[in-house]
Amino acid sequence: MKTVGSGLLLAAATGAGAATFGDEVAFLRKYTEVVVLSDEAGDARVAVVPAWQGRVMTSAATGDKGLSFGWINRELIASGKLERRINIFGGEDRFWMGPEGGQFSIFFAKGVPFDFEHWFTPACIDTEPYQLVRRDQSSAQFEHSLTLTNYSGTVFAVKVDREVRLLSAKDAWKKMNVPALSSVKLVAFETVNKITNAGKQPWEKPTGLLSIWILGMFNPSPETTIVVPIHAGDETVLGRKVTADYFGQVPPERLVQKENVLYFKGDGKYRSKIGVGPKRSKGILGSYDAANKVLTLVYYTQPAGVTDYVNSLWKLQDNPYSGDVANSYNDGPVNGGKPLGPFYELESSSPAAALKPGESLQHVHRTIHLSGSEADLDLAARVTLGVTLTEITTALK
């Protein structure tokens with residue numbers, strides 16, 4: 001690809017609508033290497049691109065002719081151009097690092113305002129390829145060495161190790177604690193992400209810490225609702241239920257807060273973002289696309305008792321380690337212009353990494369897509385998310 005020195009992010013056009021896995025892989029292979037992982041039957045499939053940080057671009061539960069679950073920005077990829085702020089290639093599991101905002105941000109240069117005009121994604125988590133070091137039928141391993149400088153001027157030397165693993169259906173049902181459901185087809189994969197302090201100085205709180213940040217981009221629809229289970233309880237003990245002011249306060253018709261669950265609109269029509277902190281998070285979030293009858297679940301590791309998470313709000317912060325564990329982003333027009341996609345995201349983060357030279361931190365992010373009868377998906381939703389499909393589909397109406 002050629003680099004465009006002054007391209008605007010908003011010129012990145014919207015991606016394709018619902019497509020088959022085979023169609024998406026054939027498209028991607030016109031422009032880059034694609035590693036396809038599959039089960040023995042060839043039904044559960046995952047497409048991974050080494051050139052984009054070992055990113056999982058999409059997956060399917062029923063082979064090449066099955067519905068492609070990841071959002072892919074076809075027009076940007078086909079253009080052969082690189083944008084200057086971020087390259088939104090798409091993909092349902094991409095490796096990023098935080099924090100995004102604040103005095104320890106790695107997305108803003110020192111002294112600039114925290115606004116969209118001055119926001120840039122570091123190349124090492126945007127355009128630099130990661131080396132494929134091993135692969136077999138159901139897994140692929142990548143590594144990369146990078147350097148980052150935060151808003152306060154701290155320099156980090158980082159070694160990244162990342163593995164993408166396709167899980168068997170048996171393992172997926174076990175991890176969900178759900179009996180195998182006869183009508184349901186599924187694909188399940190996880191990424192094991194590790195960062196190591198490859199420098200000579202320890203990473204310490206006063207000068208800023210990094211975190212592992214995994215984001216999944218999915219196709220929005222008017223009938224998609226994001227579900228975030230939370231621990232119920234007093235806000236003076238657990239903190240507020242939700243961070244809902246990343247890009248201005250989310251309107252009440254787009255975010256419903258119950259005692260033990262949040263419902264958030266995933267239609268790709270209104271730019272907004274929510275997050276939950278470590279005392280509220282249950283280690284899972286999901287979404288339900290009623291139009292295609294697809295239940296998506298995302299699990300993530302969350303060490304017990306750890307509360308230091310980087311804060312990514314776009315402002316100088318009094319508490320830079322009071323950030324969220326899990327987030328969801330719904331795309332929409334930016335500053336009155338075009339949307340970035342549109343898409344919606346399900347995201348998770350590791351704790352802040354206070355590492356001595358040679359020490360490492362690991363974060364696992366698991367994605368499971370289930371499609372089948374509403375009765376079976378309802379059972380899966382009740383066991384995993386603690387709510388019924390009817391509760392999900394009526395929450396925002």
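Basis of the calculations
- Residues numbered from 1 in each chain as written.
- Predicted model: local features only at pLDDT ≥ 70, side-chain atom pairs only at ≥ 80, totals over all residues.
- Heavy atoms only, no water.
- Buried < 20%, exposed > 50% of the residue type's maximum accessible area, 1.4 Å probe, protein only.
- Helix = DSSP H or I, 4+ residues; strand = E, 2+ residues; numbered from the N terminus.
- Pairing = 2+ DSSP bridges.
- Arc of directions from axis to C-beta.
- Contact = heavy atoms within 4.5 Å.
- 1 Å grid on protein atoms, 1.4 Å probe; cavity = no way out; pocket = protein on both sides within 12 Å on 5 of 7 lines; lining within 4 Å.
- Points joined across faces, edges and corners; volume = space filled by probe spheres on them.
- Nonpolar A, V, L, I, M, F, W, Y, C, P; charged D, E, K, R; others polar.
- Phe/Tyr/Trp six-rings, centres within 6.5 Å; stacked < 30°, edge-to-face > 60°.

A. Region of the structure containing the pairing of strand β4 (residues 55-60). Among the 6 residues in β4, 6 count as buried, and that is most of the element. By the bridge criterion, 5 bridges tie strand β3 (residues 45-49) to β4 in an arrangement that is antiparallel. Within β4, the residue paired with V46 across the bridge is S59. Taken together, β3 and the strand that follows it, β4, pair antiparallel across an intervening segment of 5 residues, in which Q53 is found at a positive phi of about 65°.

B. Local environment of helix α3 (residues 169-176). Three or more residues of α3 are buried, namely A172, W173 and M176. For α3, the angular spread of the buried residues around the axis is 95°, confining them to a single face. Relative to its buried face, α3 has exposed residues pointing more than 90 degrees away, namely K170 and K174. Contacts made by the buried residues of α3 are with β10 (185-197), β17 (294-300), β20 (360-371) and α5 (374-384). Of the residues one or two after α3, N177 is the one with positive phi, at around 60°.

C. Region of interest: the layout of surface pockets. Roughly 460 Å³ of volume is contained in the largest pocket. The wall of the largest pocket is formed by 24 residues, among which R240, T243, S322, G323 and D324 lie closest to the centre. Those elements that place two or more of their residues in the lining of the largest pocket are α4 (235-238) and β15 (272-276). Looking at the lining of the largest pocket, its residues break down into 7 nonpolar, 10 polar and 7 charged.

D. Quick look at the pairing of β20. Here β20 lies mainly inside the structure; 9 of its 12 residues are buried. The pairing of β17 with β20 spans 7 bridges and is antiparallel. Considered in β20, the bridge of Y299 is made with R366.

E. Highlighting the packing of aromatic side chains. Summed over the entire model, instances satisfying the criterion amount to 19 aromatic pairs. Where F104 meets Y321, the ring centres are 6.1 Å apart and the plane angle is 25°; that geometry is what we call stacked. One end of the pair, F104, is in the loop between β6 (94-98) and β7 (131-135); the other, Y321, is in the loop between β17 and β18 (326-330), and 217 residues separate them in sequence. Plain terms: the ring middles of F116 and W119 are 6.0 Å apart, the flat faces sit at 20° to each other, and that makes the pair stacked. Neither residue differs from the other here; F116 and W119 are each classed as buried.

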